[in-house]
Amino acid sequence: MDAIRKQLDVLMGANRNGDVEEVNRNYYDRDVCRLFLAGLCPHDLFQLTKMDLGPCSKIHSLQLRKDYEEAKSKGSENFDRELEDMIDRLIVECDRKIQRALKRLADEDAKAAIAISVSEVTLTDEILQLSKQIKEKMKEVDAFDFEGRADDKIKAQEVVEELRAKRADMQATLLLDAFNKDRASLPTPAPPPQVAAVPPPAPPDARTQEMINEKLKKAEELGEQGMVDEAQKALEEAEALKKLAPRPEPSSDPSKYTAADVRITDQKLRLCDICGAFLSVYDNDRRLADHFGGKLHLGYMLIREKLKELQVLSVMYHFLL
């Protein structure tokens, strides 16, 4: 129920039922989410993913955020440091996960995985422009939400999703090009060792050869007597005796088998340096687009961008002091 309530809050606002309790609150109350006031609550980012932090136990209110921003502009409040600490912990844990995965894969195969810089590979002017449009449209969503214009908010959210899908497709195409070059640079696996041709059977020993000769002679005699079936049976028995001779086993040298021989189906994994998800150089553009448009990747991308923004603001603040 908490998750459903939270989704309704996102769509229609926390005060959708006319809850006067929220209106009468102040931004500095202990049960108001300071991270949300500062611009981003991590509980909203990873809903229904493996990183889901669950619903936030504190109040999210755009009205209270506006009150906080007014107080912040006067220099009386600043919750940026709390948000920066929270984001930094999430990013540090994500980066640790990436390093653990790289080490584990390197122990199995030194070339099995690398951390590919997705942000560099997919950084183009067009991508940056789309990201800018998404941010501007998200501000419209918040404004419509604050004004209670639910229909306009939903339409703006639909535009955001369209822009994100377009950006994801473009990022997927760029990464696919990089993976195509990556695959071309991979060493060609050594072909599996050729199995030597089976040599002809060794000649039968003297006793067996004697029995074969007897069967052949009998077959000839039966044939002369017109006993075709019996002659054919004698011939078959002679052939069966020839196959009784031992066959030497084909020689093999185990030292000739290498890891490349048995790992020719390796996926050649790559780790996304933004969210830590595994990608394969053999993924198609659709799978890569799903990755870029997924909540996990979008969430980590947002908090990494937010951290850079907060760090810049912090430097500017200290410079002005």
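As named in an unreviewed UniProt entry, the protein is LUC7 related protein, taken from Urochloa decumbens. The Sequence similarities (unreviewed entry) field of the UniProt record for the protein holds the comment "Belongs to the Luc7 family."

Asks: Help me get a handle on the pairing of strand E2 (residues 269–272), residues and values and all.
Replies: Alignment of E2 against strand E3 (residues 278–280), held across 3 bridges, turns out to be antiparallel. Residue arginine 270 lies in a different strand from E3, and its bridge partner there is leucine 279.

Asks: Any details on the packing of aromatic side chains? Residues and values, ideally.
Replies: Applying the stated rule across the entire model yields 4 aromatic pairs. Both rings, one in tyrosine 27 and one in tyrosine 28, keep their centres 5.1 Å apart while their planes meet at 80°; by these two values the pair is edge-to-face. Between phenylalanine 46 and tyrosine 300 the ring centres are 5.0 Å apart and the planes differ by 40°, which places this aromatic pair in the tilted class. Taken together, the positions of phenylalanine 46 in the loop between helix H3 (34–37) and helix H4 (62–73) and tyrosine 300 in helix H13 (residues 295–320) put the pair 254 residues apart, joining distant regions of the chain. The same class applies to phenylalanine 46 and to tyrosine 300, which are both buried. Of the aromatic side chains, those joined through ring pairs into one cluster are Tyr27, Tyr28, Tyr68 and Phe79.

Asks: Tell me what's going on with helix H5 (residues 80–108), and back it up with residues and numbers.
Replies: For H5, spanning 29 residues, the distance from its first C-alpha to its last is 42 Å, which sits close to the expected 42 Å at 1.5 Å a residue. Within H5, burial applies to Asp80, Leu83, Glu84, Ile87, Leu90, Ile91, Cys94, Ile98, Ala101, Leu102 and Leu105.

Asks: Before we move on, could you go through unusual backbone geometry and cite the residues and values that matter?
Replies: Even without being glycine, leucine 48 reaches a positive phi, approximately 65°. Residue position: leucine 48 is located in the loop between H3 and H4.

Asks: I'd like a description of the confidence of the model for the protein, backed by residues and values.
Replies: On average, the protein scores 78 in pLDDT, and the residues at 70 or more come to 76%. Summarising per-element confidence for the protein, the mean pLDDT is lowest in helix H11 (residues 259–262) (36) and highest in H3 (92).

Asks: For the environment of leucine 296, give the residues involved together with the corresponding values.
Replies: The residue leucine 296 is located in helix H13 in this model. Leucine 296 gets classed as buried once you look at its relative accessible area, which sits at 15%. Here the alpha-carbon distance between leucine 296 and lysine 50, two residues 246 residues apart in the chain, equals 8.2 Å. If we ignore the near neighbours within four places in the chain, the residues touching leucine 296 are Phe46, Thr49, Lys50, Met51 and Cys275.

Asks: Hey, could you go over the nonpolar core for me, with residue numbers and the actual values?
Replies: Counting residues in hydrophobic clusters, the biggest one holds 48 residues, and the most contacted among them are Leu37, Ile87, Tyr300 and Ile303. Residue assignment for this core shows that the elements contributing at least two residues are H3, H4, H5, helix H8 (150–185), E2, helix H12 (285–292) and H13. In this structure tyrosine 300 touches Phe46, Met51, Leu90, Cys94, Ile274 and Cys275, once residues within four positions along its chain are discounted. By size, the runner-up hydrophobic cluster in this structure holds 9 residues, among which are Ile134, Val141, Phe144 and Ala156.

Asks: Could you give an account of H12, naming the residues involved and the relevant values?
Replies: Considered for burial, the residues of H12 that qualify are Leu288, Ala289, His291 and Phe292. Buried residues of H12 fall within an arc of 155° about the axis and therefore sit on the same side. Residue asparagine 284 occupies the N-cap position of H12, its side-chain oxygen lying 3.2 Å from the main-chain nitrogen of arginine 286.

Asks: Give a detailed account of the side chain of histidine 297, specifying residues and quantitative values.
Replies: Tracing the sequence through the fold places histidine 297 in helix H13. A residue is classified by how much of its surface remains accessible, and histidine 297, at 2% relative accessible area, is buried. When sequence neighbours within four positions are dropped, the list of residues in contact with histidine 297 reads Val118, Cys272, Ile274, Cys275, His291 and Phe292.

About the criteria used
Residues numbered from 1 in each chain as written. Predicted model: local features only at pLDDT ≥ 70, side-chain atom pairs only at ≥ 80, totals over all residues. Heavy atoms only, no water. UniProt positions renumbered as here; feature names shortened; annotations may be inferred. Pairing = 2+ DSSP bridges. Helix = DSSP H or I, 4+ residues; strand = E, 2+ residues; numbered from the N terminus. Phe/Tyr/Trp six-rings, centres within 6.5 Å; stacked < 30°, edge-to-face > 60°. Buried < 20%, exposed > 50% of the residue type's maximum accessible area, 1.4 Å probe, protein only. Expected span 1.5 Å × (residues − 1). pLDDT = per-residue confidence, 0-100. Contact = heavy atoms within 4.5 Å. Core = buried A, V, L, I, M, F, W, Y, C linked by side-chain atoms within 4.5 Å. Arc of directions from axis to C-beta. Polar contact = N/O pair within 3.5 Å; in protein donor to acceptor, adjacent residues only side chain to side chain.

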